[in-house]
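Residue-level listing of the chains:
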Amino acid sequence: MLTGDRMKKIFISTSTFGKDDPKPLDLLKNHGIDYELNPTGRQLTEAEIAGYLADKAGLIAGTEPLTEKVMEQVGFLKVISRLGVGLDSVDVAAAEKKGIQVYNTPNGPTEAVAELALGLILDVLRLISYSDRNLRRGAWKKTMGRLLKEKKVGIIGFGRIGRRLAELLTPFHCQLYIYDPYVSGNQGIKQVQTIEELIATSEIISLHIPYTKENHHLLGRKQLEAMKPGTVLINVSRGKLVDEAALYDCLQNGRLAGAGFDAFAAEPYSGALCELDNIVLTPHMGSYAKEARVQMEVDAVKNLLKGLGL
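All of the points below concern the structure found in this document. (Residues numbered from 1 in each chain as written. Predicted model: local features only at pLDDT ≥ 70, side-chain atom pairs only at ≥ 80, totals over all residues. Heavy atoms only, no water.)

Some points on the pairing of strand β9 (residues 204-207)
Side-chain positions along a regular strand alternate between the two faces of the sheet. Of the two faces of β9, the one holding I204 and S206 and the one holding I205 and L207 are both buried throughout. Here 4 bridges tie strand β6 (residues 152-156) to β9, and the two strands are oriented parallel to one another. What sits directly across from G154, in β9, is I205. Bridge analysis of β9 against strand β10 (residues 231-235) gives 4 bridges, and the strand direction is parallel. Each residue of the ladder has a partner; that of I204, found in β10, is V232. (Buried < 20%, exposed > 50% of the residue type's maximum accessible area, 1.4 Å probe, protein only. Helix = DSSP H or I, 4+ residues; strand = E, 2+ residues; numbered from the N terminus. Pairing = 2+ DSSP bridges.)

What follows is the structure, given as structure tokens:
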């Protein structure tokens, strides 16, 4: 059992923790926590995070790889408090084997991520970013977009964020379809039984599920090429859910009308999708709304303190 000063040494791996509001850091200070912040300003590698955790009892985690190899190298770690919903970057089984408690913050990101998804849908349909780039290049070009009103929207994953997006779409009178084998009985929303059925029906598809090895490339080349001509694809979840090479081809040849992506297989992203004008790219900032971020950080600190018994 850890006691004394060692129990209160923690590392914070997210690159912007406490920058928008001092409340979460003040909460740590009030409990006598000796915290170290990520000095790099980016996502840490497997080797880097293992090094920072060598003498720490707690971690407030981002999306760095917390693998079995990392777990084997930490000597005193007792708590991983994930800042966010997804735990795909954490080998939870390896953590449990080492007696490390794992928490997440499922409530804070809901509104922010759902609003970003809606924003990307509107941006892609109305060609907002595309037109902005043209104007800045000196081209006064009025480009014809499409309305969101009454579109058929398929939502893959109907947890907190998927449900909130459905609510935000209500004023647009969209026809909503959901695919989620773990959810049933949603009044007023048609639930389809397969990805293929959702693809065949939807004009807009939005991803809201965590990544697992089983759903790697859930939307692969076969699925992307089966989408209706003119479909818009939105991903504010995880990059590895979509085959990015196939996505590039389908956007380039016009099979898909456009896309909005906030998550990528490798981050920071600088790949071929940057060459295309019919995709809006954002740097994994789904939860980066000030109000949501502060709530998440406070929740992450409370989870950490709970796990350390403080």
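Still to come is the rest of the account.
Considerations on the layout of surface pockets
The space that makes up the second largest pocket amounts to roughly 750 Å³. Lining the second largest pocket are 24 residues, with D88, S89, V90, Y211 and K240 positioned closest to its centre. Its residues assigned to classes, the lining of the second largest pocket shows 10 nonpolar, 7 polar and 7 charged. (1 Å grid on protein atoms, 1.4 Å probe; cavity = no way out; pocket = protein on both sides within 12 Å on 5 of 7 lines; lining within 4 Å. Points joined across faces, edges and corners; volume = space filled by probe spheres on them. Nonpolar A, V, L, I, M, F, W, Y, C, P; charged D, E, K, R; others polar.)

Quick look at the sheet that holds β9
In space, the 7 strands of this open sheet follow the order β8-β7-β6-β9-β10-β11-β12, with parallel pairing throughout. The outermost strands of the open sheet, each flanked by one partner alone, are β8 (190-191) and β12 (279-281). Alignment of strand β11 (residues 256-261) against β12, held across 3 bridges, turns out to be parallel. The residue of β12 that forms the bridge with A259 is I279. Each of β10, β11 and β12 touches helix α11 (residues 244-252); the most contacted strand, β11, lies at about 135° to it. (Contact = heavy atoms within 4.5 Å. Axes fitted to C-alpha atoms, helices over the stretch in contact; angles between N-to-C directions.)

Comments concerning the packing of helix α2 (residues 23-30) against helix α12 (residues 290-308)
Running from N to C, α2 and α12 cross one another at 20°; their axes reach a closest spacing of 8 Å. Here α2 is positioned roughly parallel relative to α12, judged by the angle of their axes. α2 and α12 meet at a crossing whose hand is right-handed. Between α2 and α12, the contacting residues are K23, P24, L27 and L28 on the first element and E297, V298, V301, K302, L304 and L305 on the second. Among the residues forming the contact of α2 with α12, the class breakdown is 7 nonpolar, no polar and 3 charged. (Parallel < 35°, antiparallel > 145°, perpendicular 65-115°, else oblique. Left-handed = near helix turned anticlockwise from the far one by under 90°.)

Notes on the pairing of strand β3 (residues 58-61)
Here β3 shows a buried face lined by G58 and I60 and a second buried face lined by L59 and A61. Bridge analysis of strand β1 (residues 9-12) against β3 gives 3 bridges, and the strand direction is parallel. Residue I12 lies in a different strand from β3, and its bridge partner there is I60. In terms of strand pairing, β3 meets strand β4 (residues 79-82) through 4 bridges, oriented parallel. Bridging across to β4, I60 finds its partner in S81. In the classification by handedness, the crossover that spans β3, the intervening helix α4 (residues 68-73) and the parallel β4 is right-handed. (Right-handed = clockwise from strand over helix to strand, strands pointing away.)

Focus: the packing of aromatic side chains
For the coordinates displayed, the defined rule picks out 2 aromatic pairs. Here the aromatic rings of F11 and Y52 are separated by 4.5 Å at their centres, their planes lie at 5°, and the arrangement is stacked. In this pair, F11 sits in strand β1 while Y52 sits in helix α3 (residues 46-52), placing the two residues 41 residues apart along the sequence. Assessed through its relative accessible area of 0%, F11 is described here as buried. Centre to centre, the rings of F264 and Y269 are 4.5 Å apart; their planes meet at 15°, and the pair counts as stacked. (Phe/Tyr/Trp six-rings, centres within 6.5 Å; stacked < 30°, edge-to-face > 60°.)

A word on unusual backbone geometry
For the bond running from E267 to P268, omega is 0°, close enough to zero to count as cis. By secondary structure assignment, the location of P268 is in the loop between β11 and β12. Positive phi values are uncommon outside glycine, yet H173 reaches one of about 55°. On the secondary structure map, H173 appears in the loop between α8 (160-169) and β7 (175-179).

Some points on the environment of D88
Summarising the element assignment, D88 is placed in the loop between β4 and α5 (92-97). The class of D88 is partly exposed, set by a relative accessible area of 30%. Those residues in contact with D88, other than ones at most four positions away along the chain, are Y211 and R238. In this structure the side chain of D88 is engaged in a polar contact, spanning 3.0 Å, whose partner is the side chain of R238. (Polar contact = N/O pair within 3.5 Å; in protein donor to acceptor, adjacent residues only side chain to side chain.)

Considering the packing of helix α6 (residues 109-126) against α8
Relative to each other, α6 and α8 sit at 50°, their axes nearing to 9 Å. What the angle tells us is that α6 and α8 run oblique. Viewed along their axes, α6 and α8 form a crossing whose handedness is right-handed. Listed contacts from α8 to T110, E111, V113, A114, E115, A117 and L118 of α6 are R160, I161, R164, L165, L168 and L169.

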